[in-house]
Each structure stands twice: as structure tokens, then as C-alpha cells.
Amino acid sequence: FLAGPHKKGMDEAGLSECSACHSNHKILPASAAMLDKVCLECHEKGSDQIKLASTFKRMYTQASDEIAQADKLVAEAARIPLYVDDYKARLTDARTALMESFPVMHALDTTLVEPHTRRARSIAKEVGTEIHQKLAARLWRIVGLALLWFYLLLTATIVVRARRRAAAERDR
């Protein structure tokens, strides 16, 4: 905030640094929804500032959506059950990187925000890819196991029939 253009504008307008955007008394946590509402209090719709806020919101939302998709895959894998604690920890790291993007947005520089949202997206994509691979490998293990059981039952059936024939021939 101190490095961005809002500091000077807030000082000139006599506004407090945090509560001007984040509310009085109870400082509201940062959220993507704030970018739609708070920025319009001082900037006109369609202005460069609102376009920048939309860019920040898009960057945040894309990363958030990818984390949510990875979360669903982790939940699906946990129901199977597969070991997912490592994936949950990595998604916590992704959420942390995403939350770190909010304070950086005060500088109003997409090149500073983008590494945080990129890291969050990257972690979510990696987790999603790894879970998909585990689920696919699990499917092939099930197919292999089914083929093994089929082979064992077929072999057992052939052995039982062969013994019965041999016993029947001895009885003749």
C-alpha cells in the first residue's frame, strides 16, 4: 500500500489507509468481491482503474477455481480411500499463495500479483494431475486384479474338471 498510488491519494483526501476501503472498526478481510464494489466508490466504471481491478479479480478467480477443482479431486480420492494428506497440505500452500496476492494488489502492479496467483494455479494443477494419475493407475490395478482372479478361477475349474475325469476313468 505504501508503495502504491493509493497512499498519496488517501493522504490528500484525508482518508485513513485501511478503513477507507476495508470499512471502519471491523476491518473486512480482503476478497475478490471487494474489487467489484470498493473500487467503484472512487473510480468510474470502465476506467483504467476498474479494468485493473477486473484483471486482479480474474487472476484471483482463476486460481481460486483451479484450487476448488483440485479440492474436489482430493475429496474424491479420499472417499476411495487413497492417501491424500500430502495433497491437502499442498493445497493449503496454494491457498496461502493466493491470499498473499491480496496485499500485493495494493501496489496496483499485475507483475507483482501474477507470481502469487501463478504459484497457486501451478500447485492446484500439479495436485489435479497427480490425483488423475493415481485414479487412472487404480483403475488399471482393478482391471489387472479382475484378470488375475478370472485366470485363477479358470485354472481352478480346469483342475477340478481334470481330477473328476481322472477319478471317473479310474472308476471304470
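Above this text is the structure in question.
Please read all numbers here as calculations on a predicted model, not as lab measurements. (Residues numbered from 1 in each chain as written. Predicted model: local features only at pLDDT ≥ 70, side-chain atom pairs only at ≥ 80, totals over all residues. Heavy atoms only, no water.)

Q: Help me get a handle on a nonpolar patch on the surface, residues and values and all.
A: Side chains of Leu 145, Leu 148, Trp 149, Tyr 151, Leu 152 and Leu 153 sit close together on the surface and give an oily, nonpolar patch of about 650 Å² of accessible area. Looking at the element boundaries, Leu 153 is found in helix H6 (residues 110-171). Residue Leu 153 is classed as exposed on the basis of its relative accessible area of 54%. (Patch = residues over 30% accessible without salt bridge, like charges linked within 9 Å, V, L, I, M, F, W, Y side chains within 5 Å. Areas by Shrake-Rupley, 256 points an atom, 1.4 Å probe, with all protein chains shown as cover. Salt bridge = Lys/Arg side-chain N within 4 Å of Asp/Glu carboxyl O. Helix = DSSP H or I, 4+ residues; strand = E, 2+ residues; numbered from the N terminus. Buried < 20%, exposed > 50% of the residue type's maximum accessible area, 1.4 Å probe, protein only.)

Q: Just give me the short version of the packing of aromatic side chains, but keep the residues and values in it.
A: Under the defined criterion, the tally for this structure stands at 1 aromatic pair. Their ring planes at 35° and their centres at 4.6 Å tell us that Tyr 60 and Phe 102 sit as a pair that is tilted. With Tyr 60 in helix H4 (residues 48-79) and Phe 102 in helix H5 (residues 85-105), this residue pair connects regions lying 42 residues apart in the sequence. Neither Tyr 60 nor Phe 102 differs from the other in exposure class; each is buried. (Phe/Tyr/Trp six-rings, centres within 6.5 Å; stacked < 30°, edge-to-face > 60°.)

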